[in-house]
Amino acid sequence: MNADDMKREAARAALDYIGDGGIIGVGTGSTVNHFIDLLAEVKHKIDGTVSSSEASTERLKAHGIEVMDLNSVAGLEVYIDGADESNRQLHLIKGGGGALTREKIIAGASKKFVCIADESKLVDVMGEFPLPVEVIPMARSYIARELVKLGGRPVWRDGFVTDNGNCILDVHDLKIMEPVKLETQLNALAGVVTVGIFGHRPADVLLLGSPNGVRVVNP
Ligand code: 5RP
């Protein structure tokens, strides 16, 4: 079983969390793409979705699944999304696909956040995966200098523009021992739109695909 098979099995396990009826929050990435394809088979069970990216919206619509504006719904029961890394408290690094801002908004608006991933994503200490930080374009160099002061090595994701018209700095060489504290610290820098640490709003459950089946990890 390869990583993609494990992602698909985690995505399949997430179908147990969608309940009957209601509007589902949908994340972004290759694991979520499996979820969207599987959701298409049971789309009659849900009332619609709220999507975290143009890419997921396009895929959902191609399957005939309704995509709604978050402003038009009262709240979401469940949000399904992947992650680049998770620690055992289910703090996450997200944003490898660049959709971190909308992902964080939807995670915040959802009662339950179900994270789906292959087993390689669970780590003891986050930071091996470069931390994505979405910044307002005019603040890019300033924020990069601030990130260097904090011990990071920011690399501009050159040529990439987020769905919100901003840029991404991927911060290498961090050992994130205190995710919530670092998230707060980076959020306080003027020009930072979103930090890819999901510490204040971690996942509620992590479904980890492995060769032995899907493991359910609770914080
Ligand atoms: C996108 C994300 C994704 O959830 C994350 O990058 C994981 O992606 P994949 O499922 O392709 O491994 O945060 O912004």
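Residues numbered from 1 in each chain as written. Predicted model: local features only at pLDDT ≥ 70, side-chain atom pairs only at ≥ 80, totals over all residues. Heavy atoms only, no water.

1. Re the packing of aromatic side chains
- Inspection of every chain in the model, using the stated rule, returns two aromatic pairs.
- When the centroid spacing of 5.1 Å and the interplanar angle of 45 degrees are considered together, the rings of Tyr-79 and Phe-113 count as tilted. You can see Tyr-79 sitting in strand 4 (residues 76–81) and its partner Phe-113 sitting in strand 7 (residues 110–118), a full 34 residues away along the chain. Considered together, Tyr-79 and Phe-113 belong to a single accessibility category, that of buried residues.
- An aromatic cluster of at least three residues, connected via ring pairs, comprises Tyr-79, Phe-113 and Phe-198.
- Geometry around Phe-198 places Lys-104 over its ring, the cationic atom sitting 5.2 Å from the centre. (Phe/Tyr/Trp six-rings, centres within 6.5 Å; stacked < 30°, edge-to-face > 60°. Helix = DSSP H or I, 4+ residues; strand = E, 2+ residues; numbered from the N terminus. Buried < 20%, exposed > 50% of the residue type's maximum accessible area, 1.4 Å probe, protein only. Lys NZ or Arg CZ within 6 Å of the ring centre and 35° of its normal.)

2. Quick word on the sheet that holds strand 6 (residues 92–93)
- The sheet built from three strands is open, its strands ordered 5-6-12 with antiparallel pairing. Strand pairing shows two members of the sheet lacking a second neighbour, strand 5 (85–86) and strand 12 (197–198), which therefore form its edges.
- Across two bridges, strand 6 lies against strand 12 in antiparallel orientation. Considered in strand 12, the bridge of Leu-92 is made with Phe-198. (Pairing = 2+ DSSP bridges.)

3. Quick notes on the side chain of Glu-134
- Among the secondary structure elements, Glu-134 is positioned in strand 8 (residues 131–135).
- Although Glu-134 lies buried, it forms no salt bridge, and the closest oppositely charged side chain, Arg-102, sits 7.5 Å away as judged by the N-O distance.
- Looking at Glu-134, its side chain comes within polar contact range of the side chain of Asn-164, at 3.1 Å.
- The contact partners of Glu-134, leaving out residues within four places of it in the chain, are Leu-100, Thr-101, Thr-162, Asn-164, Asn-166, Cys-167, Ile-168, Gly-191, Val-192, Val-193 and Thr-194. (Lys, Arg positive; Asp, Glu negative; His and termini not counted. Salt bridge = Lys/Arg side-chain N within 4 Å of Asp/Glu carboxyl O. Polar contact = N/O pair within 3.5 Å; in protein donor to acceptor, adjacent residues only side chain to side chain. Contact = heavy atoms within 4.5 Å.)

4. Section: the nonpolar core
- Of all hydrophobic cores here, the largest spans 23 residues; its most connected members are Phe-35, Leu-39, Ile-80 and Ile-116.
- Broken down by element, this core gets its largest block of residues, five residues, from helix 2 (residues 30–39).
- Once you skip the residues sitting within four places of it in the chain, Leu-39 turns out to touch Leu-15, Ile-18, Ile-46, Thr-49, Leu-60 and Ile-65.
- Formed by 21 residues, the second largest nonpolar core is a distinct cluster that contains Ile-176, Leu-186, Val-192 and Ile-197. (Core = buried A, V, L, I, M, F, W, Y, C linked by side-chain atoms within 4.5 Å.)

5. Section: the pairing of strand 10 (residues 167–172)
- Within strand 10, five of the six residues are buried, leaving the element largely enclosed by the surrounding structure.
- As defined by bridge partners, strand 8 adjoins strand 10 across five bridges and the pair is classed as antiparallel. The residue of strand 10 that forms the bridge with Val-133 is Leu-169.

6. As for helix 1 (residues 3–14)
- An ideal rise of 1.5 Å per residue puts 16 Å on 12 residues; helix 1 measures up with 17 Å between its terminal C-alpha atoms.
- Within helix 1 the residues assigned to the buried category are Met-6, Lys-7, Ala-10, Ala-11, Ala-13 and Ala-14. All buried residues of helix 1 fall inside an arc of 160 degrees around its axis, so they share one side.
- Looking at the buried positions of helix 1, the neighbouring elements they touch are helix 2, strand 4, strand 7, strand 13 (205–210) and strand 14 (213–217).
- Where helix 1 begins, the side chain of Asn-2 points an oxygen toward the backbone nitrogen of Asp-4, at a separation of 3.1 Å. (Expected span 1.5 Å × (residues − 1). Arc of directions from axis to C-beta.)

7. A word on the site of the ligand
- For the ligand, the set of nearby residues contains 17 residues, the closest of which are Ser-30, Thr-31, Asp-84, Gly-95 and Lys-121.
- At 3.4 Å, a backbone N or O of Gly-98 approaches an oxygen atom of the ligand.
- One of the side-chain nitrogen or oxygen atoms of Lys-121 is found 2.7 Å away from an oxygen atom of the ligand.
- Burial of the ligand by the protein chains amounts to 91% of its free accessible area of 380 Å².
- A class-by-class count of the residues in the shell around the ligand yields two nonpolar, nine polar and six charged. (Near = heavy atom within 4 Å. Areas by Shrake-Rupley, 256 points an atom, 1.4 Å probe, with all protein chains shown as cover. Nonpolar A, V, L, I, M, F, W, Y, C, P; charged D, E, K, R; others polar.)

These results come straight from atomic positions and should not be treated as a statement about function.
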